[in-house]
Amino acid sequence: MKLSDVVAFMGHQVHVCRYREAGTLLGWMGRDLRGRRVLDVAGGDGYWAGRARRRGARAVSIDLARKKMEYGRTLAHAPALIECDALRLPFAGGSFDAVLSVCAIEHFDDGGASLEEMARVLRPGGQVFMSADVLSRADAWPKLRDAHKAKYHVQHTYTHQSLRGLMEERGLELVRHSYQFRTAAAERLYLSLSAYGGKVGFNAAAPLAPLVALGDRGAPNERGSIVLVQARKRG
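Just so we're clear, the structure is a prediction, and the values are computed from it rather than from any experiment.

About the thresholds
Residues numbered from 1 in each chain as written. Predicted model: local features only at pLDDT ≥ 70, side-chain atom pairs only at ≥ 80, totals over all residues. Heavy atoms only, no water. Axes fitted to C-alpha atoms, helices over the stretch in contact; angles between N-to-C directions. Helix = DSSP H or I, 4+ residues; strand = E, 2+ residues; numbered from the N terminus. Parallel < 35°, antiparallel > 145°, perpendicular 65-115°, else oblique. Left-handed = near helix turned anticlockwise from the far one by under 90°. Contact = heavy atoms within 4.5 Å. Disulfide = S-S within 2.5 Å. Buried < 20%, exposed > 50% of the residue type's maximum accessible area, 1.4 Å probe, protein only. Phe/Tyr/Trp six-rings, centres within 6.5 Å; stacked < 30°, edge-to-face > 60°. Nonpolar A, V, L, I, M, F, W, Y, C, P; charged D, E, K, R; others polar. Right-handed = clockwise from strand over helix to strand, strands pointing away. Pairing = 2+ DSSP bridges. Core = buried A, V, L, I, M, F, W, Y, C linked by side-chain atoms within 4.5 Å.

## Things to note about the packing of helix H2 (residues 18–29) against helix H3 (residues 47–54)
Stage number 1. Two elements in contact, H2 and H3, have axes separated by 11 Å at closest approach and are oriented at 40 degrees. In terms of axis orientation, H2 runs oblique to H3. Along this stretch, H2 crosses H3, giving a crossing that reads as right-handed. Residues Arg-18, Tyr-19, Ala-22 and Leu-26 of H2 touch H3, and the partners they reach there are Trp-48, Arg-51 and Ala-52.

## A word on the state of the cysteines
Stage number 1. Tallied over the entire structure, the rule returns 0 disulfides.
Stage number 2. Among the cysteines around Cys-103, which has no disulfide bond, Cys-17 carries the closest sulfur, lying 7.0 Å off.
Stage number 3. Look at Cys-103 and you get buried, because its relative accessible area is 9%.

## Considerations on unusual backbone geometry
Stage number 1. Here Cys-103, not a glycine, exhibits a phi torsion of approximately 45 degrees, which is positive.
Stage number 2. Relative to the helices and strands, Cys-103 resides in the loop between strand S4 (96–101) and helix H5 (111–121).
Stage number 3. Although it is not a glycine, Leu-135 sits at a positive phi angle of roughly 55 degrees.
Stage number 4. Here Leu-135 is to be found in the loop between strand S5 (122–133) and helix H6 (142–151).

## Side note on the side chain of His-148
Stage number 1. Here His-148 is to be found in helix H6.
Stage number 2. Judged by relative accessible area, which is 3%, His-148 ranks as buried.
Stage number 3. Contacts of His-148, omitting those with residues within four sequence positions, involve Asp-133, Leu-135, Val-154, Tyr-190, Leu-191 and Ser-194.

## Describing the packing of aromatic side chains
Both the distance between ring centres and the angle between the ring planes are used here to describe each pair of aromatic rings.
Stage number 1. Evaluation of the coordinates by the stated rule reveals 4 aromatic pairs.
Stage number 2. Look at Tyr-47 and Trp-48: their rings are 5.0 Å apart centre to centre, the planes differ by 90 degrees, and that puts the pair in the edge-to-face class. Per residue, the accessibility class of Tyr-47 equals that of Trp-48, and both read buried.

## Observations regarding the packing of H6 against helix H8 (residues 184–204)
Stage number 1. Where H6 meets H8, the closest approach of the two axes is 9 Å, and the angle between their N-to-C directions is 55 degrees. Here H6 is positioned oblique relative to H8, judged by the angle of their axes. You can see that H6 and H8 cross each other, and the crossing is left-handed. Residue-level inspection shows Leu-144, Arg-145, Ala-147, His-148 and Lys-151 of H6 in contact with H8, the latter providing Arg-188, Tyr-190, Leu-191, Ser-192, Ser-194, Ala-195, Tyr-196, Gly-197 and Gly-198.
Stage number 2. Looking at side-chain class alone, the contact of H6 with H8 contains 6 nonpolar, 5 polar and 3 charged residues.

## Here's the deal with the pairing of strand S1 (residues 37–41)
Stage number 1. With 4 of 5 residues buried, S1 is to be regarded as a mostly interior element.
Stage number 2. Tracing the backbone out of S1, into H3 and back to the parallel element strand S2 (residues 58–63) gives a crossover that is right-handed.
Stage number 3. The pairing of S1 with S4 spans 3 bridges and is parallel. Residue pairing in the sheet places Leu-39 in a bridge with Val-99 of S4.

## Here we look at the sheet that holds S2
Stage number 1. The sheet built from 7 strands is open, its strands ordered S3-S2-S1-S4-S5-S7-S6 with mixed pairing. Pairing within the sheet leaves two strands with one partner each, and these edge strands are strand S3 (80–83) and strand S6 (172–180). Between one strand axis and the next, the sheet turns through 15 degrees on average, direction left out of account.
Stage number 2. Here S5 pairs with strand S7 (residues 226–233) via 7 bridges, running antiparallel. By the bridge assignment, Met-130 is partnered in S7 with Val-229.

## Structural notes on the nonpolar core
Note on soluble globular proteins: their nonpolar side chains tend to be buried together.
Stage number 1. Among the nonpolar cores identified, the biggest contains 35 residues, and Met-29, Leu-100 and Phe-181 are the most heavily contacted of them.
Stage number 2. Sorting the residues of this core by element identifies H2, H3, S4, H8 and S7 as the ones contributing at least two each.
Stage number 3. For this core, the element with the highest residue contribution is H8, accounting for 6 residues.
Stage number 4. Beyond its immediate sequence surroundings of up to four residues, Phe-181 is in contact with Val-16, Cys-17, Arg-20, Ala-186, Glu-187, Tyr-190, Val-212, Asp-216, Gly-224, Ser-225 and Ile-226.
Stage number 5. Among the nonpolar cores identified, the runner-up in size contains 31 residues, and Val-121, Val-128, Val-134 and Leu-172 belong to it.

Laid out in structure tokens, this is it:
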């Protein structure tokens, strides 16, 4: 394994939430992706699209972060990496069987426009697998909330219901959803790590991931810090 792959593994999978978050979305997508065309929107270095490629997908990752993409090209299972705007995808309608997007929509000025583009490039019956910041209880800790939003340039937050509304307007039907960091203690942990720990803190807190997952299983699936959704294009 190349050093770049080790570093990418540590950055993406040794993390308090990202492995479970992206891993769940890929699990919903399926283990056998042979022949399927998969687009990762705002995929950074393309690591998660590369996981889809390992399962047989013809994977493409788009982003505007050129340095991340240059790094991604050094990975062993690098997908096709294209520098472009998520709000103006350079693909024909119906080009993909699935769209993946891991906690990206909250950073866009116009989340509806990004969903419009995702829906456009999906074939009828194709599916979206995405996650978004919710921060259900963030108003209880305004300093943590504001620090998180400023640090990660969070423009909007979404629930599965608000995403359902935006998706239905664009011909996408919500199939299922799941919240992560569902308890108040877990939400405060998430915001504290993002406000004071940053990337290093999220990675250092990775041993807590099983405890967070256990807490989520015992809590109602109705709010949390992150929401995961799967939706299907009608027609």
